[in-house]
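Now for the letters of each chain:
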Amino acid sequence: MVAFGKKLKERQIQEWQGYYINYKLMKKRVKQYAGQIEAGALDRRHVLKDFSRMLDIQIEKIVLFLLEQQGLFARRIEQLNEQQEALQEEPDISKISELREAYREVGRDLLKLLFFVEMNGIGLRKILKKFDKRFGYKFTDYYVKTRANHPYSQLQQVFKHVGLGAVVGAISRNLADLQDRQGSYLSIYDEPALPLQDPVVDSLKAAVDRVTYSTNFLDFLGQHALIMHEELPSPVEEHVDDQRYHFMSLLLNLANTFLYMVNTYIIVPTADDYSMSLGAAATVCGIVIGAMAVAQIFSSVYFSAWSNKSYFRPLVFSSIVLFIGNAMYAMAYDLNSISILLLGRVFCGLGSARAVNRRYISDCVPLKIRMQASAGFVSASALGMACGPALAGLLQTNFKIFNITFNQDTLPGWVMTVAWLMYLVWLWISFREPAHETEVNHAPTQSSAENDKLEKGLVQPLLTSKEHEQGDEQGDDGDQECDASEEAPEESRLAANSLGSAYRLLTPSVKVQLLIYFMLKYAMEILLSESSVVTTYYFGWTTSTVSIFLACLGLTVLPINIVVGSYISNMYEDRQILLASEIVVLLGILFSFQFIVPYSVPQYVCSGLVMFVAAEVLEGVNLSLLSRVMSSRLSRGTYNGGLLSTEAGTLARVIADATITLAGYLGESRLLNITLIPSLVICIASIVATCCTYNSLY
């Protein structure tokens, strides 16, 4: 990636050049400190004092410039307000239009100032991180706490930016007053949700969001989707996105996500019965369910590569393959072939186009609504996860048409066959292929990975001690590679070209996050995939009862994300939630073991619910952190951060399903405890790794 110092220099507003943070000078000073300490010419106390003074001077320069600019904006708005008052007495349509354009011009100038704040915030965060990493100090914590909590804090002046917020409010209010509201006497303060159709106001709100520390449900869901973008977006990028965006195409991608998740989980309640009807053991359901995940390991790679050139053709191919796979799954009953059953599930896995769905949101959805689209991706997945088992519970019938059997085992396949056929027709009629950029033009913008929240995570950490935890690793490669020279070598700007090269870009903290993701996916797959076998053996549950249980688990996903995204994440730091969730998952696994006889329904349901809910919380927080610490070189190309996380989760599901089948050879009475042992070991390992990462960061 391009060094931050070079990016800062390229994107500076020329007339304000002297007021930006002098990142290059401060980086050189850090290198000088290192050399002088090694030579014994300086001690630690002198370094801390001198660097603190340098930071204070830099921040004071920024703050005084901000105050000066705020005064100029206030004066311009005051003059426009006087003109608006005069127009109240003598309305003139042409002058009203001129006045609105004048307010918009103020808004466009304010956008420049907000971008100025954003770039300086990123620079301060990076130089603090570089200092901590070079000398092993906790200087960031000390500096932020002493400066931010002081009554005369200049740091708060930068990152609270109350004055800038007031200017944004004044522009929004006056533009709303000038807009024709069909005689309404309400202002933006009476109805805050009242839509103001003005692109300048939309851009201002988006810019304020990027430099404001705020965690909400939409942000949380958006990061859950793991759709990343570059650190410093350019205004051109959003214009390109607007040209490529097509609402119906986005809706088709979300529908694909929903149907695929339904397809994944609709067979879970009946997979054991289906296996037994074909002469196999009930625990072969693990292979039946996992065959889809095995194929997905490979399909994720070629779909990710294919999306570099097209979105429409991969989606068409996906629909056709899923149509064939589900038809094979359904026909295996009358053909009495377990091989056809497994092959059908493999075909379904080969049709997994989730990489294309993520890529479309990343590349083609405008920045201002990308968070909503990312949240829609997660919501569609959660809804599909709940609807799959629920739909299976409704398909309790048995009849034949032309010697083709339709029962609880085959109907999930037939229903999904029809669903994918209908989707294919809708796709063919409604999808609009966006124009693809060349690889050269595309590289500096973005390709396959995250959302607006990443930009917030790059600026927000200077407000609290979360900075060192949540934003530390982002952009490390750029800073490390450009220590010797201001411009990084060309190779450091290129996307990874293989899974191996992508893996080598992972820092230890990212590897820990991927281990946690592997663990939670493994634990959840064990719970879901063996539920039918376990509950039938211990409690004699019917398919309908198992379906209700699994559907209820799926329905907890969105409410839990609402609670975590809107409340818990505002009260606690992400890494605290991460560790607490891991411990709760561990407790859920422990309580799931059969310690006493008989094994009771309350024990199974409560322990399963605790483990599943904690794993959902863990997944959201883990992916949120992963989006911040992942190298931005993994935000583009085929082998991107989203693909790595998908592969880790899919591999966990494959191993979990294989574990169920292998454990089945020891008997159904031992299945539960044997399959829980690997979950327990991996969970303990992830907790230890998390704690070790904590110690290394602090």
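Everything that follows concerns the structure shown earlier in this document.
Residues numbered from 1 in each chain as written. Predicted model: local features only at pLDDT ≥ 70, side-chain atom pairs only at ≥ 80, totals over all residues. Heavy atoms only, no water.

A short note on the side chain of Asp409
How we decide: Numbering goes from the N terminus for both helices and strands, where a helix is a DSSP run of H or I of at least four residues and a strand is a run of E of at least two. Buried residues are those whose accessible area, probed at 1.4 Å on protein chains only, stays under 20% of the maximum for their type, while exposed residues exceed 50% and partly exposed ones sit between those limits. A residue counts as positive if it is Lys or Arg and as negative if it is Asp or Glu; His and the chain ends are not included. A carboxyl oxygen of Asp or Glu within 4 Å of a side-chain nitrogen of Lys or Arg is what we treat as a salt bridge. By definition in these notes, contact holds between two residues if any of their heavy atoms fall within 4.5 Å.
Along the polypeptide, Asp409 turns up in the loop between strand 2 (404–406) and helix 18 (411–430). Despite its burial, Asp409 pairs with no opposite charge, the nearest such side chain being Lys400 at 12 Å. Excluding residues within four positions of it along the chain, Asp409 makes contact with Thr270, Asp273, Tyr274, Ser277, Tyr329 and Tyr333.

Focus on the pattern of salt bridges
Should the charged atoms of two oppositely charged side chains come close, the side chains can pair. The full count for this structure, using the stated rule, is eight salt bridges. Note that Arg653 and Glu525 form a salt bridge whose closest N and O atoms lie 3.6 Å from each other. With Arg653 in helix 30 (residues 641–664) and Glu525 in helix 24 (residues 508–529), the pair connects residues that are 128 residues apart, well separated along the chain. The same class applies to Arg653 and to Glu525, which are both buried. By sharing partners, the salt bridges in this structure join Glu101, Arg104, Glu105 and Arg108 into a single network.

Overview of the packing of helix 13 (residues 285–306) against helix 14 (residues 312–335)
Heads up, the rule is: Throughout, an axis means a line fitted to C-alpha atoms (over the contacting stretch in the case of helices), and angles, computed between N-to-C directions, take values from 0 to 180 degrees. Note on terminology: angles under 35 degrees are roughly parallel, angles over 145 are roughly antiparallel, angles of 65 to 115 are roughly perpendicular, and the others are oblique. Two helices that cross are described as forming a left-handed crossing if the nearer one is turned anticlockwise from the farther one by less than a right angle, and a right-handed crossing if clockwise.
Across the interface, helix 13 lies against helix 14 with an axial gap of 12 Å and an inter-helix angle of 165°. Of the possible angle classes, the one that applies to helix 13 and helix 14 is roughly antiparallel. Classified by chirality, the crossing of helix 14 by helix 13 is right-handed. Counting all contacts with helix 13, which are made through Val288, Tyr302, Phe303 and Trp306, the residues of helix 14 involved are Arg313, Pro314, Phe317, Ser318 and Tyr329.

Some words on the packing of aromatic side chains
Stated precisely, the cut-off is as follows: Under the pairing criterion, centres of Phe, Tyr and Trp rings, with the six-membered ring standing for Trp, must be within 6.5 Å; the plane angle then separates stacked pairs below 30 degrees from edge-to-face pairs above 60, leaving the rest tilted.
One pass over the structure, following the stated rule, counts 34 aromatic pairs. Where Tyr33 meets Phe51, the ring centres are 6.2 Å apart and the plane angle is 85°; that geometry is what we call edge-to-face. Of this pair, Tyr33 sits in helix 2 (residues 23–38) while Phe51 sits in helix 3 (residues 44–89); the two residues are 18 residues apart in sequence, bridging distant segments of the chain. Each ring, one from Phe539 and one from Trp541, has its centre 5.6 Å from the other, and the planes form 45°; the classification is tilted. Relative accessible area serves as the criterion here: at 16%, Trp541 is assigned to the buried category. Here the aromatic cluster, defined as three or more aromatic residues joined through ring pairs, consists of Tyr537, Tyr538, Phe539, Trp541, Phe549, Tyr599 and Tyr604.

Thoughts on a nonpolar patch on the surface
What counts is decided by this rule: Like-charged residues within 9 Å of one another, or nonpolar side chains (Val, Leu, Ile, Met, Phe, Trp, Tyr) within 5 Å, are grouped into patches, provided each residue has over 30% relative accessible area and no salt bridge. In this description, accessible areas are obtained by the Shrake-Rupley approach with a 1.4 Å probe, and a residue is regarded as covered only by the protein chains that are shown.
Where nonpolar side chains cluster on the molecular surface, the patch consists of Ile320, Phe323, Ile324, Leu421, Val425, Trp428 and Ile429 and spans about 680 Å² of accessible area. Looking at the nonpolar patch, the elements with two or more residues in it are helix 14 and helix 18. At four residues, the largest contribution of residues to the nonpolar patch is made by helix 18. Checked against the element boundaries, Val425 lands in helix 18. Assessed through its relative accessible area of 45%, Val425 is described here as partly exposed.

Digging into the environment of Leu672
Residue position: Leu672 is located in helix 31 (residues 668–697). Judged by its relative accessible area of 2%, Leu672 falls in the buried class. Each C-alpha atom, one on Leu672 and one on Val533, is 9.4 Å from the other, the two residues being 139 residues apart in sequence. With sequence-adjacent residues up to four places away left out, Leu672 is seen in contact with Glu530, Val534, Tyr538, Ser592, Gln594 and Tyr599.

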